[in-house]
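Topology and contacts: notes
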There are 2 protein chains.
Amino acid sequence: MDRILEKPAEKKQDLFSIAELADEFSISTRTIRFYESKGLIIPDRVGTTRVFRRRDRTRLLLILRGKRLGFSLSEISDYLELYDADNTQATQTQHLLERVNSRLSMLRAQKEDLEIAVKELEAMQEYALQQLEKQTS
Amino acid sequence: MDRILEKPAEKKQDLFSIAELADEFSISTRTIRFYESKGLIIPDRVGTTRVFRRRDRTRLLLILRGKRLGFSLSEISDYLELYDADNTQATQTQHLLERVNSRLSMLRAQKEDLEIAVKELEAMQEYALQQLEKQTS
DNA sequence: CGCTTAATTGACGTTAACGTCAATACATGC
DNA sequence: GCATGTATTGACGTTAACGTCAATTAAGCG
């Protein structure tokens, strides 16, 4: 019996080794193990060896995007919880909604900062282009 | 002679103590000294005491915005250089333009990530709202 | 089955970005 | 002119996020 293929729809292409994921995302295996130790991903095991499914691959994508946005791993951890929150009970759903909203306002604030920075740099760009015209004429 | 008031247009309201800035930006004086040690700001001195001008105050604003966007201090340092680059020579201006452009593409990539994250959360928000309707009906 | 390659665990190292003293100097109001 | 508050300069401590290395274990293969 191949216990890891127990679930019918689970094929080989849905299973990843630590090295495959490390390679795909250009991170080290150490980093992946570190994320597991922080509870950000929870791969299965075959014996002692980790086996990653789609869910963990997706989580890795979310983690890396979070990092690119400058969030800490603990913020990312909170963020990931939003993706598998329990919404069978109204109180839970209400709670989820609040957390989603607060996260949204963080992201929107960051977007404002970003847009200001972009505008400043675009102004610099334009200025530099004008200068170049003068200087090379 | 009050050397620090030498420049005619420089009034008291353009000068800040370390505590004033720390207070205004809700950071510690240690943080400000740390930024100085990294060359991010270069306050004047009256005796041994630091005196900050508008320029450094502005730089602090840029530093903090950079941090909110998730940039490291060394990235922020590069970023600050764009603001006081020499553009008297065409080669310098050309170089500045390249750096501005590369920074712009970083920011735009980040903006894409941000917008995807916002959309995902908005979808969650909508879903949660629908769930709540069902659950409380 | 022995060899090579891949994976695991534990321990210690490292870098960034400050925090936290402690000792000392400066300034200032009463 | 002295107590009291503010500033400065080391020096060491701390946390996050991994890197690095060594010792084992497990897995594939000719």
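All of these numbers come straight from a predicted model, not from anything done at the bench.

1. What to know about the protein's contact with DNA strand D
Inspection of the region around DNA strand D gives 15 residues, with Ser 28, Tyr 35, Lys 67 and Leu 73 of chain A together with Arg 50 of chain B positioned closest. Backbone sugar and phosphate groups make up 71% of those atoms of DNA strand D lying within 4 Å of the protein. A distance of 2.8 Å is found between a phosphate oxygen of DNA strand D and a backbone nitrogen or oxygen belonging to Leu 73 of chain A. The contact in question runs from a phosphate oxygen of DNA strand D to an N or O atom on the side chain of Arg 33 of chain B, over 2.9 Å.

2. Some details on the relation of the copies chain B and chain A
Turning one copy of the chain about an axis and sliding it along that axis gives the other copy, so a rotation and a shift relate them. Each copy of the sequence occupies a distinct position, and chain B is placed on chain A by a rotation of 180° and an axial shift of 0.0 Å, giving an RMSD of 0.0 Å. Here the two chains are linked by the operation of a two-fold rotation axis. Residues of chain B ranked by C-alpha distance from the rotation axis are headed by Gly 70 of chain B, positioned 1.9 Å from it. Both copies present the same face, since 100% of the interface residues in chain B are matched by interface residues at the equivalent positions in chain A.

3. Points about the packing of helix H1 (residues 18-25) of chain B against helix H2 (residues 29-37) of chain B
Residue and element names in this part refer to chain B. Across the interface, H1 lies against H2 with an axial gap of 9 Å and an inter-helix angle of 110°. The angle between H1 and H2 falls in the class roughly perpendicular. On H2, the residues touching Ile 18, Ala 19, Leu 21 and Ala 22 of H1 are Thr 29, Ile 32 and Arg 33. Among the residues making up the contact of H1 with H2, the classes are represented as 5 nonpolar, 1 polar and 1 charged.

4. What to know about the side chain of Asp 113 of chain A
Within the element layout of this structure, Asp 113 of chain A appears in helix H5 (residues 90-135). We classify Asp 113 of chain A as buried; its relative accessible area is 10%. Leave out the neighbours within four places in its chain, and Asp 113 of chain A touches Arg 65, Arg 68 and Leu 69 of chain B.

5. With respect to the packing of aromatic side chains
All names here are of chain A. If you walk through the whole model with that rule in mind, you get 4 aromatic pairs over all chains. When the centroid spacing of 6.3 Å and the interplanar angle of 50° are considered together, the rings of Phe 34 and Tyr 35 count as tilted. By relative accessible area, Phe 34 is classed as partly exposed at 31%. Judged by centre distance (5.5 Å) and plane angle (55°), the rings of Tyr 79 and Tyr 83 are tilted. Of the two residues, Tyr 79 and Tyr 83 both sit in helix H4 (residues 73-83), 4 residues apart, roughly one turn of that helix. Arg 103 extends its terminal NZ or CZ atom over the ring of Phe 71, reaching a point 5.8 Å from the ring centre.

Conventions adopted
Residues numbered from 1 in each chain as written. Chains lettered and ligands numbered in written order. Predicted model: local features only at pLDDT ≥ 70, side-chain atom pairs only at ≥ 80, totals over all residues. Heavy atoms only, no water. Near = heavy atom within 4 Å. Polar contact = N/O pair within 3.5 Å; in protein donor to acceptor, adjacent residues only side chain to side chain. Least-squares fit on C-alpha atoms with pLDDT ≥ 70 in both. Contact = heavy atoms within 4.5 Å. Axes fitted to C-alpha atoms, helices over the stretch in contact; angles between N-to-C directions. Helix = DSSP H or I, 4+ residues; strand = E, 2+ residues; numbered from the N terminus. Parallel < 35°, antiparallel > 145°, perpendicular 65-115°, else oblique. Nonpolar A, V, L, I, M, F, W, Y, C, P; charged D, E, K, R; others polar. Buried < 20%, exposed > 50% of the residue type's maximum accessible area, 1.4 Å probe, protein only. Phe/Tyr/Trp six-rings, centres within 6.5 Å; stacked < 30°, edge-to-face > 60°. Lys NZ or Arg CZ within 6 Å of the ring centre and 35° of its normal.

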